[in-house]
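Descriptive structure summary
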Amino acid sequence: EADIYQTPRYLVIGTGKKITLECSQTMGHDKMYWYQQDPGMELHLIHYSYGVNSTEKGDLSSESTVSRIRTEHFPLTLESARPSHTSQYLCASSAGTGGWINEQFFGPGTRLTVL
Amino acid sequence: AQKITQTQPGMFVQEKEAVTLDCTYDTSDQSYGLFWYKQPSSGEMIFLIYQGSYDEQNATEGRYSLNFQKARKSANLVISASQLGDSAMYFCAMREGDTGGFKTIFGAGTRLFVKA
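Remember, it's a predicted structure, so these values are computed and weren't measured experimentally.

Looking now at the packing of aromatic side chains. Geometry of an aromatic ring pair is reported as the spacing of the ring centres plus the angle between the planes. Throughout the structure, instances matching the rule amount to 13 aromatic pairs over all chains. Aromatic side chains Tyr25(B) and Tyr32(B) sit 5.2 Å apart centroid to centroid with 55° between the ring planes, which places their arrangement in the tilted category. Classification of Tyr25(B) by relative accessible area gives buried; the value is 4%. Overall, Tyr32(B) belongs to the buried group, its relative accessible area being 3%. Note that Arg68(A) overlies the ring of Phe74(A), its terminal NZ or CZ placed 5.9 Å from the centroid. Above the ring of Tyr64(B), the side-chain terminus of Arg63(B) is found at 5.7 Å from the ring centroid.

With that settled, consider the pattern of salt bridges. Residues and elements named next belong to chain A. This model, assessed by the stated rule, comprises 6 salt bridges over all chains. For Glu63, the salt bridge goes to Arg82, with nearest N and O atoms at 2.7 Å. Of the two residues, Glu63 is situated in the loop between strand 6 (54-57) and strand 7 (65-66) and Arg82 in the loop between strand 8 (76-78) and strand 9 (87-94); the sequence distance between them amounts to 19 residues. For Arg82, a relative accessible area of 37% puts it in the partly exposed group.

Residues and elements named next belong to chain B. The topology assignment puts Asn76 in strand 9 (residues 74-79). Judged by its relative accessible area of 12%, Asn76 is buried. In this structure the C-alpha to C-alpha distance between Asn76 and Ser65, which are 11 residues apart in sequence, comes to 8.4 Å. Excluding its chain neighbours within four sequence positions, the residues that come into contact with Asn76 are Thr20, Leu21, Asp22, Cys23, Trp36, Ser65, Leu66 and Asn67. Of the polar contacts made by the side chain of Asn76, one reaches the backbone nitrogen of Cys23; its length is 2.9 Å.

A few words now on the interface of chain B and chain A. Between chain B and chain A, the contact holds 26 residues from the first and 26 residues from the second. The junction of chain B with chain A conceals about 2,100 Å² of combined surface from both sides, 56% of it contributed by carbon and sulfur atoms. Put simply, chain B and chain A have 0 salt bridges between them. Viewed at the interface, chain A and chain B are joined by 3 residue pairs in polar contact (both at pLDDT 80 or more). Of all the secondary structure elements, the ones that give two or more residues to the side of chain B that touches chain A are strand 5 (32-39), strand 6 (46-52), strand 10 (88-96) and strand 11 (104-106) of chain B. Sort the elements by how many residues they give to the side of chain B that touches chain A and strand 5 of chain B lands first, with 5 residues. Its residues placed into classes, the side of chain B that touches chain A shows 11 nonpolar, 11 polar and 4 charged.

This next bit is on the sheet that holds strand 8 of chain A. All names here are of chain A. Read across the sheet, 4 strands follow the order 1-3-8-7 without closing on themselves; strand pairing throughout is antiparallel. The outermost strands of the open sheet, each flanked by one partner alone, are strand 1 (4-7) and strand 7. Inspection of the sheet shows strand 7 paired to strand 8 by 2 bridges, in the antiparallel sense. In the strand pairing of strand 8, Thr65 is matched with Thr77.

Calculation notes
Residues numbered from 1 in each chain as written. Chains lettered and ligands numbered in written order. Predicted model: local features only at pLDDT ≥ 70, side-chain atom pairs only at ≥ 80, totals over all residues. Heavy atoms only, no water. Phe/Tyr/Trp six-rings, centres within 6.5 Å; stacked < 30°, edge-to-face > 60°. Buried < 20%, exposed > 50% of the residue type's maximum accessible area, 1.4 Å probe, protein only. Lys NZ or Arg CZ within 6 Å of the ring centre and 35° of its normal. Salt bridge = Lys/Arg side-chain N within 4 Å of Asp/Glu carboxyl O. Helix = DSSP H or I, 4+ residues; strand = E, 2+ residues; numbered from the N terminus. Contact = heavy atoms within 4.5 Å. Polar contact = N/O pair within 3.5 Å; in protein donor to acceptor, adjacent residues only side chain to side chain. Buried area = accessible area lost by both parts, 1.4 Å probe. Nonpolar A, V, L, I, M, F, W, Y, C, P; charged D, E, K, R; others polar. Pairing = 2+ DSSP bridges.

Have a look at this one:
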């Protein structure tokens, strides 16, 4: 069973606030990902990491930033939240060995609402 | 161009019957992987099944099977003996081995409704 955690699960916050969405995994996976998903819609990759101190922007432009100081931890930060950031944010990880065939394990998601 | 196309926004199936969810993909890589995920209303993504581009046999996992037709670039998910708990969004995804850099591309999803 996958062990990947996200907190908070739900967050309602006012415009202009700084927020950090937490993601942790206990599987020792090298690769981690952040996706943004509007309800009932496809997932869009916004950030990914191949390992410690490695982060890349994804296919969807995002005003968020990420860091990867430890293998197990991949937090996402919004410096100034706006209503357009309202969405679900899904964190995922995959093993580094075995190449590209490894499936991604997903966390339960954070549903963010910015008022 | 869309890399993953799921043409069925919504599907209905009677409980205990089989259903096929369509997925076509576009890639010029020789090495790639195809995945199906289930997303219930609670929001988490659940991995269902995987097919590698070099796999000659269609993948199967319990009631899930993947109908892989490489020449047609299709990777349809077949769910046999549908259950009420199968009602969810289903996403087809692809990871390109040569050029994708381990990024996974998702389709728009198909919402499946299982009727009692």
